[in-house]
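Coordinate analysis (summary)
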Amino acid sequence: MSDPRVKSVGDLVASHLFDIVVDLDPRLNFGAGPVGQRVLFGAAKGSFEGPRLRGDVLRGGGDWALFRADGAMTLDVRLSLRTHDGELIYMTYGGRWVTPQNLRADMADPARRTLIDPAGYYFRTNPLFETGSQTYSWLNDIVCVGKGYLVEGAVAYKIFEVL
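Residues numbered from 1 in each chain as written. Predicted model: local features only at pLDDT ≥ 70, side-chain atom pairs only at ≥ 80, totals over all residues. Heavy atoms only, no water.

**Examining the overall build of the protein chain**
What the protein chain contains, in helices and strands, is one helix and 11 strands. Along the protein chain, helices and strands appear, N-terminal first, in the series β-β-β-β-β-β-β-α-β-β-β-β. By principal-axis analysis of the C-alpha atoms, the protein chain measures approximately 50 × 40 × 30 Å. When each of the 163 residues of the protein chain is scored for burial, the buried share is 36%. Across the protein chain, the mean location of the 18 positive side-chain charges is 4 Å away from that of the 19 negative side-chain charges. (Helix = DSSP H or I, 4+ residues; strand = E, 2+ residues; numbered from the N terminus. Buried < 20%, exposed > 50% of the residue type's maximum accessible area, 1.4 Å probe, protein only. Lys, Arg positive; Asp, Glu negative; His and termini not counted. Charge placed at Lys NZ, Arg CZ, Asp CG, Glu CD.)

Here's what the structure looks like:
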């Protein structure tokens, strides 16, 4: 880099925070609007577990996804989590899900979509958290990244804290 103000900050390092599975309600298709096709994938229930926290995904959240004309999906997710010890955590994330053209027919088929190797598509998120819990207040100050994939009746993610 030719700009002398650019400094080395080291490589990004991440640590596994938790795995999460979100069981989904039947989707609500709002149809094709001016910016794409809006679909709500409602959260019915689920669970999360990692080295520092675990618990359940509560009903009522979901992904207000936007399917773009080029086939990519933009995520807009809001979830309520309840830890094993009763604390509430608000989790939000955006992201991108880009499926190559040759996999789109299989992804549209409920019987085949969970059989596709997640390495074949790009499904990434950027979770942030809010909580009033003293026990989990450290979540208010971290940034995370996630890798998503499909499982039977649900969507799942590996969530990593960026250190």
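**What about the pairing of strand 1 (residues 14-24)?**
By the bridge criterion, nine bridges tie strand 1 to strand 11 (residues 154-162) in an arrangement that is antiparallel. Across the sheet, the residue bridging to F18 is I159, located in strand 11. Bridge count for strand 1 against strand 3 (residues 36-49) is six bridges, and the pairing is antiparallel. In the strand pairing of strand 3, V22 is matched with G46. (Pairing = 2+ DSSP bridges.)

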